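Secondary and tertiary structure notes
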Amino acid sequence: MKIIVNGQSLEVTAKLLDAALGELGYGDARVATALNGEFVPKPARASTSLGDGDRLEILAPMQGG
Amino acid sequence: MQVYGVDIGSRLLLGTAQYPSPAILGDAVRASGAEIVTVSLRRESGGNQHGQAFWNLIRDMGVRVLPNTAGCHSVKEAVTTAQMAREVFDTSWIKLEVIGDNDTLCPNVLDLVQAARLLSDDGFDVFPYTTDDLVVAERLLEAGCRVLMPWGAPIGTGLGLNNVYGLRSMRAHFPDVPLIVDAGIGLPSHAAHAMELGFDAVLLNTAVAKAGDPVMMASAFAKAVEAGTLARSADPMEARDMASPSTPVLGKASLG
């Protein structure tokens, strides 16, 4: 299916969020996720289903003021 | 200074953005003596691990992090960003920014209060980036904030303390609330001035990061904050309009 990852349309085969993160190369990366604008805590990723056209945000630590 | 039950030795909080290199950022933080640095969350592409590298750098500094919600323009955006930051940085502290205007980066104080209430109720320790409006400040305290961070001037301008009267009023009105001037500080003298007014700390980023020598400037700010803090404790003289000779008049020779 196609989902929008950080604003970019990508093809994923995984049906669950944690598997999709692995497929997209995030593995054990220190990131937080939001699906369609809603925060998905790490423990909930394994039970969060993805659907065609879903918007996934994957955020990591960055410099800030 | 104590914020949310944590004793903080340094009264200078430093941002981590816009430095020429990670090494200079590290040296500047050390030179500043800051014990709290601000950080943010941004998109990361799979596999590049920039975020992890930055996190390792910050962790090695041994400082406490204060994640921000920079760039958020709505309650929803700010609350979701805060939730994500709590997980990534493993802290309940959040520097809450809800921007209302792109030219001035002035906070949308109505949405700020709403977001502060939601986050406080959810267990966050909220550091709100606000204006010097006393009514808004009262609402933020009612919403659960235990520290207030009024702006000195718009973010990144370096204009200093634009409304000294407003800041002085805030200090007088909230004698027991930790107050941190956040944003607009461009020079060490601005930071010293904030401390002389009785503020508990200053938070700045661009003034150090964009200096020709960020490490030297970080050291200059550390000294200015210390000077301002000492001056406040030393109880400064009252200013007056007319001159008053400092050398005794009594005993002056008659030589005319």
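What comes next is a walk through the structure. (Residues numbered from 1 in each chain as written. Chains lettered and ligands numbered in written order. Predicted model: local features only at pLDDT ≥ 70, side-chain atom pairs only at ≥ 80, totals over all residues. Heavy atoms only, no water.)

So, about the pairing of strand S2 (residues 8–11) of chain A. Residues and elements named next belong to chain A. As judged from the four bridges shared by strand S1 (residues 2–5) and S2, these two strands associate in the antiparallel manner. Bridge pairing in S2 links Ile4 to Ser9. Between S1 and the antiparallel strand that follows it, S2, lie two residues; Asn6 among them carries a positive phi value of about 45°. (Pairing = 2+ DSSP bridges. Helix = DSSP H or I, 4+ residues; strand = E, 2+ residues; numbered from the N terminus.)

Glancing now at the environment of B:Ala201. All names here are of chain B. Position of Ala201 among the secondary structure elements: in strand S10 (residues 201–204). The class of Ala201 is buried, set by a relative accessible area of 0%. What Ala201 contacts, discounting residues up to four positions off in sequence, is Met1, Arg11, Leu13, Leu179, Ile180, Val181 and Met195. (Buried < 20%, exposed > 50% of the residue type's maximum accessible area, 1.4 Å probe, protein only. Contact = heavy atoms within 4.5 Å.)

In this structure, B:Trp93, B:Leu96, B:Val126, B:Leu148, B:Val202 and B:Leu204 are the most contacted members of the largest nonpolar core, which totals 82 residues. Looking at which element gives the most residues to this core, the answer is helix H3 (residues 75–89) of chain B, with eight residues. When neighbours within four sequence positions are excluded, B:Val202 is seen to be in contact with B:Arg11, B:Leu12, B:Leu13, B:Ile180, B:Val181, B:Ile185, B:Ala191, B:Ala194, B:Met195 and B:Val225. Core analysis: the next-biggest nonpolar cluster, separate from the first, contains 17 residues, A:Leu24, A:Val40, A:Ile58 and A:Ala60 among them. (Core = buried A, V, L, I, M, F, W, Y, C linked by side-chain atoms within 4.5 Å.)

Residue and element names in this part refer to chain B. Even without being a glycine, Gln18 presents a positive backbone phi close to 75°. Here the phi dihedral of Ala183 falls at roughly 90°; this positive angle occurs in a residue that is not glycine. With respect to the helices, strands and loops of the structure, Ala183 is situated in the loop between strand S9 (180–182) and helix H7 (188–196). Judged by relative accessible area, Ala183 falls into the buried class, the value being 9%.

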